[in-house]
Structures are given as structure tokens and as C-alpha cells.
Amino acid sequence: MATLEDLGVSAFINIVSGFAFLLLFAVLRIQPVNDRVYNPKWYLNGSRTRSMAQGISKFVNLNIWTYFTFLNWIPGALRMSEAEIIKHAGLDSAVYLRIYILGLKIFVPISLLALMILVPVNVSGGTLLNLKKEVVFSDIDKLSISNVSPGSQRFFVHLLMAYIFTLWTCYMLYKEYNNVAFMRLHFMASQQRRVDQFTVVVTNVPNVVGHSTAETVDEFFRRNHPDHYLIQQPVYNANKFGKLIKRKERLQNWLDYYQRKFERHPGRRPTTKVGFLGCCGRRVDAIDYYQGRIDALNRKILAERQRVLKDPKAIMPVSFVSFDSRWGAAVCAQTQQSKNPTRWLTEWAPEPRDVYWQNLAIPFFTLSIRRLLISISVFALIFFYMIPIAFVQSLANLEGLEKVAPFLKPVIEIKVIKAFLQGFLPGLALKIFLFILPDVLVLMSKVEGYISLSSIERKGATKYYYFILVNVFLGSIITGTAFEQLYSFLHQPPEQIPRTIGVSIPMKATFFMTYIMVDGWSGIANEILRVKPLVIFHLKNLFLVKTERDREKAMDPGSIGLPENLPNLQLYFLLGLVYAVVTPILLPFILVFFAFAFLVYRHQIINVYNQEYESAAAFWPFVQSRIIIGLLISQILLLGLLSTKKAANSTPLLIFLPVFTIWFHYYCKKRFEPAFRKYPLEEAMEKDILDKASEPNFNLKTYLADAYLHPIFHEFECDEEMGEVTASKSEYGQESPYRCESVPSPSPPHYVYHYEFEP
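Residues numbered from 1 in each chain as written. Predicted model: local features only at pLDDT ≥ 70, side-chain atom pairs only at ≥ 80, totals over all residues. Heavy atoms only, no water.

### A look at empty space enclosed by the protein
Right, on to step 1. This structure, assessed with the given rule, holds nine cavities of 30 Å³ or more.
Right, on to step 2. Each pocket or cavity is described by its volume, and for the largest cavity that value is around 140 Å³.
Right, on to step 3. Mapped by element, the contributors of at least two residues to the lining of the largest cavity are α8 (155–190), α25 (562–582) and α27 (620–643).
Right, on to step 4. A total of six residues in the lining of the largest cavity trace back to one element, the largest contributor, which is α25.
Right, on to step 5. Along the lines of polarity and charge, the residues of the lining of the largest cavity split into twelve nonpolar, four polar and no charged.
Right, on to step 6. Roughly 60 Å³ of volume is contained in the second largest cavity.
Right, on to step 7. Considering the residues around the second largest cavity, the lining is formed by R458, A461, T462, L566, P567, Q570, F619, F622 and R626.
Right, on to step 8. Those elements that place two or more of their residues in the lining of the second largest cavity are α20 (453–490), α25 and α27.
Right, on to step 9. Of the residues that constitute the lining of the second largest cavity, the class distribution is five nonpolar, two polar and two charged. (1 Å grid on protein atoms, 1.4 Å probe; cavity = no way out; pocket = protein on both sides within 12 Å on 5 of 7 lines; lining within 4 Å. Points joined across faces, edges and corners; volume = space filled by probe spheres on them. Helix = DSSP H or I, 4+ residues; strand = E, 2+ residues; numbered from the N terminus. Nonpolar A, V, L, I, M, F, W, Y, C, P; charged D, E, K, R; others polar.)

This is the structure in C-alpha cells:
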């Protein structure tokens, strides 16, 4: 059991490491050589270009004054308004920041009440002194509900606080759900015309003998949606074509490198060896060699493109279908198209940059099998991780472990080792065990077959949340209790075991305090330092970057990381709600996290992150429901805890809290969730009427024509360096069905390239 001294050691280590990370960041970010690491967002949107600094100033900042103003990133992070953040980074980023503000709005008043009322009530209990021989406890546990004697009238104070905390949390959740729903509808209404507003994705297209997939789709929608159907975009299986395009990009990088090298030294033509990795073989002119390889590859690319376009088997049983109005698309996306519910499945098309192309053609039956197998795998993974979690908990409860394994006592009792093991190592070890897990769960979500990156990330976040709930929270309590009280379990009457468990549950607060300090303090400071992207960028810059194009690609702005950050945020809400009544001293640790993380992520969203997609805050219902789950868990645990404390008069009154919380959840679900799931026909019609009045001659068919053409075809068609491959006439003497016209995109940085498809 961690003592105050152990927590002091942990706090000292985490505060010092966090301050060191922030100081190092403040120095590194003002160095010109690191500008693309700490400000990639401004390079991507064109606000910054290649630095004009020369000599040593190109790498090191020689302005001494900037080293004395190294903390100016803090007011810079707070200067931009929410409306400006929405315009700069999108609604997803702005709403993500609101989660931290919501945490502060909920827990600042709760913390004040809990610390002023509950802590004095708990301290005056004194029951742990009478149980000193039965359970292991520390001075911190004297501040918890465990210190209140069984049957005490003081439990009515805890009961009253539970009601107040629940009502306040529900009130803030209602207000925030209302605000976010309004922001989403306003964001969608104020947007310019977007291709995904007119398009649905159709999967499980049946195979009709004698008809191609494109002909089948065209015939079906002309018959069932004759007034609004406009065009369709078949989806091609272009995996081989994509590999050829990537190979050409690598060769083009080498050609650019040698051409720039020749420009710097025009009197000497660069050469290279044609053998393995350029290390052996005969020496040839590098520019001619790579130009020749690119020309040969262009011919292969042209042949492969012709094969893909002409081979009926290359067209997958899925299509993007566009309509002449938002109203027509809304009717199609939100209704069943066939008597057979497994065919002609329609849903709103993701925006083009949000599409996960590899999953578009997975059949309905295969999807069901995949999701069943992944569910079983996730279930097994959760319980497999109980083993390392139990080991971590053994480090957090050394006194209990000594009773089971007394031979470890001489080593454990060394003061420095004991303080380090109990105060810092458990949280760090748990963080390490969870390091690669979000990526694994996102990969599982991809295997499940979701067709958009946003859906994949939300499903990955859901899996990670339940993993954290079972392993980090419930697993820590259960395994910690088992180690800590094993000795008492074996040496007391069976009827006393529930009482021992009820007393020991709040004692796990010390472990969660150390975890919050490691993950929520040092971890957030490490996030702003960006150690991994910094090292990778400079390694690429040193060994791989040959051109400005390579340097652009070496930047790794990253994104918010919803699959990992949302579940972690929801864990902090859960801990705050559970321990607000049980161990209020934990709440200040959570407040520090919410305030510090808000500041750091605001800076990162403004200067670093570049979201891959914009879902218009579609993840908010998941945030709301997870906080409700945390609220229910806190009420159930408090109910179980009081049942072991002989609080017969106050415990039954807690039954109304879960009932009220469930009613509140379903009320909010019916009241607000349709704004996140469906597009109102009334609003769709209003937008259509407004568009026709403002731009009566707008050519919507041309605008939508190839918005959902596979990205590799875009690269192929509009690559200015592909010469004969992008000629307006094909090798058969007919006009190419693709004509490249870059127009302003409705969803930057996606670019729309117009073409007319001829079956």
C-alpha cells in the first residue's frame, strides 16, 4: 500500500520529468531545424514555406531574446477563439477540446464540495485504527469513506453528496450535448456544397447474369429513384495499379534528387550503379537511368489502367451513387432499398478523404463472420491482459505480497526501492503494457470491414474503452484486493469477507493517483515534446530526404488520436465520478490533468495535428454514453460499498440514482442523437432550394463526376510529369473517359477531378 511518502516520490518524479519535458520543448521548438516538427500544420496549409535562413542560423536560433520568452506558446495556445479553431482545424478538433472543458466544469464544483464536506467527515470516522490487524491501509485511506465506522449516521452525508454530484453531472452533460448538437447542425448548414451531401455508398450489389456491376446499379436506381438519381462511380480493384504508382513515386524521387544534384554542379553528370541498392554493377548516367526506368514503368501503368477499366471482374460489387439533391440522397441513405435486407445496402458516403478503400467490397456474410471472430479475439485479449495487470498490482501492494512471499521482504524493505516500486513503477508499468494496444485494436476494427476511417477509429476507441474498463479499472481493483487481502481471506471467518472487500475497494485510490501522475502529467508533457516524430524526422532528413517533396513527406503531423485519447479521457471521468464520494483526495489530481491536457492539446491542434477527415463531431454520442456508464458504475459501487458498512437506513435511497441516470441517458439519446445519425429532410430541402436560388446554372453532374474515384487514379491522371500517359487520346484513338480539371474542393485537402464515365 503506497504511503504519503511513496506518493510524494511519485509526484516529485513526475513533476520534475514533466517540467523537464516542457523546458526541452520550449528550447527545441524555436530552433529553425525543428520547425517542421513543431509547426507542420502551418506548412501544410501554406502559411509557412521553406526557411530562407542561411548558414548556422538555418539550424540554430541565434536570437538570444527568444530564449527568455520561451513560454510564449502558452498564451499563443489560448489566443485563438473556438470559431477560429473550427475554421482552422475543423469541428472535430474543437469539440474534442470541449471534452476537457466539460471535465473541468463537472469536477471543479464537485472537488470543492467533496474536499470541504466529505474529507472532514471521513477523517473524523477513525474506524481504520480498529481494523489495523485485519487490513493494510495508509494515511491516505484515512481520508476516504473506509474510515467511517459501520452503521454511522455520517453516511447520509455521502448519500446527499452522491445525489448532488449525479444531478450536477447530468445537468452539465445535458447542456454540453445540446451545445454540441447545435454546433454540428450549424456547421453542416453553414458549409459550402460538399460531395458527400449528395452521395450514398451502396454495398452488396447482386450479381446479375449478362450485366456488369455498373449496369446493374444504373438500372436499379433509374427504376427506383427516377426523379433524383444522377450518376454513379464504380469501385475498381486497383491493388496492382496502386503498387505500380508507388514504385514510380520512389523512382521519381531518385530522379528529382539527381536532377537537383546536376543543377548544383552542371559541369559533372551524376552517376549510379545499377546493381543491388546501387552498391554494385556497372556505373551509368543516373538521370538517364532513372528516366528510362520511369518511362518503362509508365507504359506498364498505362497497360494496367486499361486492363482495370475494361475487365468486368475488376469492378467490385459496391458503388458510390450520387443524386441531384440532398433530399434525394437523404431518402436513399435512410431507407431500405430491397425486400432482401442483405442486398442493396445504403448508407451516407463518407467524405472522399475518409473512405477506407480496402474494405469496400467485403460481402455481407463475410462481414458478419469477421465481426464475430474479432469480438471473440477482443474478449480473449482483454482477459489475457489480466495477467500483466495482476503483476502490476502486486507491485502496488508490496505489504500484501510480503505476506504471501516473505522471501522477498529483505529486498522490498530497502527504503528507496520500496518508495520507487510503490510510488512510481506501477503506473509506469501499466502505461507500458498499454502502449501498443490502441494500434492493435484499430487494426482489428479495420479487419471488421468498416468503410470509413472515422468509423474505424470510433470502433477502435470503443474496444479500447471496454479494455480499460475491465483491465485498468475493474482489474486493478479486483487483483489489487486479492493480493492485498489474501492473508486476511485465509485467516478470517467467511462472513467477514464481504466487509473486507468493501473496505479495501477505496484503498485502490493510491494506485490510480500514481497512474494519473504518470499518464496524465508526464505523459501529456511528453506529448507536446513529440520525441518520436522529432527523432524520425531528423533520421529521414539525414538518410532518406533527397528533395523538398521528401522533406514534406518526412513531416509527421499526426492527429488527435481518437482511438487512444477518447478512452483515456473517459477513464479519467470514470475515476473522478467513482472516487468523488469514496476518496475525494483523488480529485485534485484529475483537475490538474484536465487543465494541463487542455492547454497542451489546444497548442497541438493549432500548430501540429492534421486530421485525416472531418466527421462533424460524430463521436460525441460515444463520449456521452461512456460518461453515463462511469456514472452508473460509481453509483453501483457506492451501493455495494455502503451495503458492507451496515448503512441500512441510507443504502436503499441510492437505488433511485441508477434509475434516474438510465432515464436521463435515454432521454438525451432520443432528444439529441438523431442529429448525429440522420440528416433531416426538412433541412436538406432548405439547402437544395437555397442552392438553386443562388446558383441556378450550377452543373452538379460535373461537380460530382469523379469525386469518389480511387485516389491512385487521381494521382495518375493529374501527374504533370507523366507525359504520354495523360494524353487526351488513348492508344486506341478515342477520347479518354477521364479529363483532369482541378477545381476547388468542398472538403480540403481532398481535390476533385472531373471525368465522365462511359460504360
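### Concerning the nonpolar core
Right, on to step 1. If you look at the biggest cluster of nonpolar residues, it comprises 136 residues, and the most contacted ones within it are Y96, F107, F473 and Y579.
Right, on to step 2. Counting residues in hydrophobic clusters, the runner-up holds 19 residues, among them V235, M316, V355 and Y703. (Core = buried A, V, L, I, M, F, W, Y, C linked by side-chain atoms within 4.5 Å. Buried < 20%, exposed > 50% of the residue type's maximum accessible area, 1.4 Å probe, protein only.)

### Some words on the confidence of the model for the chain
Right, on to step 1. Of all residues in the chain, 78% attain a pLDDT of 70 or more, and the chain-wide mean is 79.
Right, on to step 2. Below a pLDDT of 50 lies the segment residues 52–56, which in the model reaches two contacts outside its immediate sequence neighbourhood of four places, other chains included.
Right, on to step 3. Note on residues 720–759: pLDDT under 50 across the span, and 82 contacts to partners over four residues away in sequence or across chains. (pLDDT = per-residue confidence, 0-100. Contact = heavy atoms within 4.5 Å.)

### Overview of unusual backbone geometry
Right, on to step 1. Positive phi values are uncommon outside glycine, yet W344 reaches one of about 50°.
Right, on to step 2. Tracing the chain through its elements places W344 in the loop between α12 (326–333) and β6 (345–348).
Right, on to step 3. Within the chain, R530 stands out as a residue other than glycine whose phi angle is a positive 55°.
Right, on to step 4. Examined against the element boundaries, R530 turns out to sit in the loop between α22 (509–529) and α23 (531–543).
Right, on to step 5. By relative accessible area, R530 is classed as buried at 7%.

### Re α22
Right, on to step 1. Between its first and last C-alpha atoms α22 spans 29 Å; for 21 residues at 1.5 Å apiece the expected length is 30 Å, and the two agree.
Right, on to step 2. At G523, α22 shows its strongest bend, of approximately 35°.
Right, on to step 3. Among the 21 residues in α22, 18 count as buried, and that is most of the element. (Expected span 1.5 Å × (residues − 1). Bend = angle between axes of the 7 residues up to and from the residue.)

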